[in-house]
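Chain and residue survey
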Amino acid sequence: MVSSFADVVDAAGRIAGYAHRTPVLGSRIVDEVVGARVLFKCENFQRMGAFKFRGAFNAVSRLSARQREAGVVTYSSGNHSQAIALAARLLDVRATIVMPHDAPAAKVAATKGYGGRVVGYDRYAEDRAEIGRALAEEEGLTLIPPYDHPDVLAGQGTAAKELFDEVGELDALFVPLGGGGLLSGSALAARALSPRCRVYGVEPAAGDDGRRSLRGGEIVRIDTPRTIADGAQTEQLGAHTFEVIRRDVDDVLTASDDELVEAMRLFASYLKIVVEPTGCLGLAAARDLPDDLRGKRIGVIISGGNVDLERYAALLAPA
Ligand SMILES: *Cc1c(COP(=O)(O)O)cnc(C)c1O
C-alpha cells in the first residue's frame, strides 16, 4: 500500500516529546540572493544533527516487544546510523550499524557514542544491504533501512508537516534527495497541507538517478556517485519512496559540489549556521529559481549539519 499523510500524522504523535520541533529561519539577504522569500526548516538543529532521527525513532518505536528484545541492524553513510543508535538507546534496544570505512570520523564517533556497535565495509566494493541482511539473519535482528521503509519515510515527513503547520501554504518546497525518504515524506505533507505547492527533490549532479527515475517512470540504478554530499551518495530510489515520489513530486533538480560549497558559505555568512554539504542541496537548487517563482514564498529543508570541522574549513577555504 502506498504511504499516506495519515502515516505522517501518526509518526508526529509518536516522536512528540522525543524529537525537537526545529526552528524555521530566514534571512533578508538570502531572500535577495535567491529572489524569493525563503523559509528554512532547520533540521541541522534536530537531535543527532539531522532529520534522520524522526524516521529512525518512528520505526524503532513501532517494533514488537520481541523485536525490541533481539535488537536492530542498519546500514548507512552516516546520519541514519546515528539516528538508529540514538533512537535505540532511548527505547532501550541494542543497535548494530554497518558503516563505510571512509564515513566521516565525526559520524562514526557519534554512532559509537550513542552505544551502537559499528561493523565497517568498503563503500565502493561491497554491498551494504547484503551485509545488513546477513547480520539480521544470523543474529535475529530487525533490519531498519535508511529510506526504503514506510515507517522511516512517514517519520521523515514530520519535518515538512511542522514547516507547513508553522508558516502556512508555500509556492514551492526544495528537499535534499538521496534514497527519497525525506522527499517522499515531505511530498505527502505538502499534498495534504499545501496542495498547490510545487515539490522539488534536489540531488547531487554527480548522480542524477532520481531525476532520470522520475522522468522515465522506473527506478534507475547508478554507481555510487562521487560527491561531497555524502548523505546523498545513494545508488537508487527505494520501491516505497519511488511510489510516492512518482505521484507527488513535481521534478528533481541537481546541484554541483561547487554550488553546495557556495550555499554552505551563504548559510555561514547570513544565517550563522553550520550546514553539512548534503544539507545545502535545497538552497543550491533554489538559487537557480524558475522564473515563475520569483517573489514567491518558498520552503527549503536544511537536512543536516553533521560535518567534521576540519573538512568544513577545508571546503570553505579559498582554492
Ligand atoms: C540521509 C540524508 C539525506 C537524504 O535523505 P534520503 O531520505 O535518503 O533521501 C539528505 N541530507 C542529509 C543530511 C541526510 O543525512
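Report follows, based on the coordinates. Per chain, the residues get numbers from 1 upward, laid out in the order the sequence is written. Only residues with pLDDT of 70 or above have their local features reported here, since the model is predicted, and side-chain atom pairs are shown and tallied only from 80 upward, although totals for entire chains, interfaces and linings are computed over all residues. Think of the side-chain values as coming from all heavy atoms in the structure, minus any hydrogens and water.

Considerations on the overall build of the protein
We apply this condition: Helix numbering and strand numbering both begin at the N terminus, where a helix is a DSSP run of H or I of at least 4 residues and a strand a DSSP run of E of at least 2. Each radius of gyration reported is based on C-alpha atoms, and the globular scaling rule is 2.2 Å times the count of residues to the power 0.38. Whether a residue is buried, partly exposed or exposed follows from its accessible area with a 1.4 Å probe, protein chains only, as a fraction of its type maximum: under 20%, in between, or over 50%, in that order. Two residues form a contact once any of their heavy atoms are found within 4.5 Å.
Looking only at helices and strands, the protein features 14 helices and 10 strands. Taken against the 2.2 N^0.38 rule, which gives 20 Å for 319 residues, the C-alpha radius of gyration of the protein at 18 Å falls within 12% of a compact globule. Projected onto the principal axes, the alpha-carbon positions of the protein cover approximately 55 × 45 × 40 Å. Considering the protein as a whole, with its 319 residues, one finds that 59% of them fall into the buried category. In the protein, the proportion of contacts linking residues at least 24 apart, taken out of those at least 6 apart, comes to 73%.

Re the nonpolar core
Burial of nonpolar side chains together is a common tendency in soluble globular proteins. The cut-off we apply is this: Joining through side-chain atoms within 4.5 Å is the link that ties buried Ala, Val, Leu, Ile, Met, Phe, Trp, Tyr and Cys residues into a set, and such a set is a nonpolar core.
Counting 39 residues, the largest nonpolar core has Val34, Phe40, Phe174, Leu260, Phe267, Leu283 and Ile298 as the members making the most contacts within it. Considering each element in turn, this core owes the most residues, 7 residues, to helix α12 (residues 257-271). The contacts of leucine 260, once residues within four sequence positions are left out, are Ile228, Ala229, Ala255, Pro277, Cys280, Leu281 and Ala284. One finds Phe164, Leu173, Ala190 and Phe242 within the second-largest nonpolar core, a separate group that totals 29 residues.

A closer look at the environment of valine 33
Note that valine 33 resides in helix α2 (residues 28-34). If sequence neighbours within four positions are ignored, valine 33 has contacts with Leu266 and Arg287.

Details of helix α6 (residues 105-113)
Quick note on the threshold: Each direction from the helix axis to a C-beta atom contributes to the arc, which is the arc of those directions.
Three or more residues of α6 are buried, namely Lys107, Val108 and Thr111. Axial view of α6: buried residues confined to an arc of 100°, hence all on one face. Exposed residues pointing more than 90 degrees away from the buried face of α6 are listed as Ala105 and Gly113. Elements that come into contact with the buried residues of α6 comprise α5 (79-90), β4 (95-100) and β5 (117-121).

Observations regarding helix α11 (residues 239-248)
Among the residues of α11, those classed as buried are Thr241, Phe242, Val244, Ile245 and Asp248. Down the axis of α11, the smallest arc covering the buried residues is 165°, so these residues share one side. Looking at the buried side of α11, the elements it contacts are α8 (150-167), α9 (181-193), β8 (198-204) and α10 (209-216).

What to know about the sheet that holds β4
Within a sheet, each strand pairs with its neighbour through backbone hydrogen bonds, oriented either parallel or antiparallel. As a reminder of what qualifies: A strand pair is defined by DSSP finding two or more bridges across the two strands.
Overall, parallel pairing links the 4 strands, which are arranged β5-β4-β3-β6 in an open sheet. Strand pairing shows two members of the sheet lacking a second neighbour, β5 and β6 (142-143), which therefore form its edges. Pairing of strand β3 (residues 72-75) with β6 involves 2 bridges; the strand directions are parallel. Residue pairing across strands places valine 72 opposite threonine 142, the latter belonging to β6.

Topic: the site of the ligand
Quick reminder of the rule: A cutoff of 4 Å decides nearness: a residue is near a molecule or strand if any of its heavy atoms lies inside that distance of it. Identification of polar contacts relies on pairs of N or O atoms within 3.5 Å, with a donor-acceptor requirement for protein atoms, meaning one able to donate a hydrogen and the other able to accept it, and with residues adjacent in sequence counted only if both atoms are side-chain atoms. Methods summary: accessible areas were calculated by the Shrake-Rupley approach with a probe of 1.4 Å, and residue burial reflects only the protein chains presented. Only Asp, Glu, Lys and Arg are considered charged in this grouping, and only Ala, Val, Leu, Ile, Met, Phe, Trp, Tyr, Cys and Pro are considered nonpolar; every other residue, Gly among them, is considered polar.
Around the ligand there are 16 residues in total, and Lys52, Asn79, Gly178, Gly180 and Ser303 lie nearest to it. At 2.7 Å from an oxygen atom of the ligand is found a main-chain nitrogen or oxygen belonging to glycine 178. In the environment of the ligand, a nitrogen atom lies 2.6 Å from a nitrogen or oxygen atom belonging to the side chain of serine 303. Protein burial of the ligand: of its 380 Å² of free accessible surface, 97% is covered by the chains. Of the residues contributing to the shell around the ligand, the split by class is 5 nonpolar, 9 polar and 2 charged.

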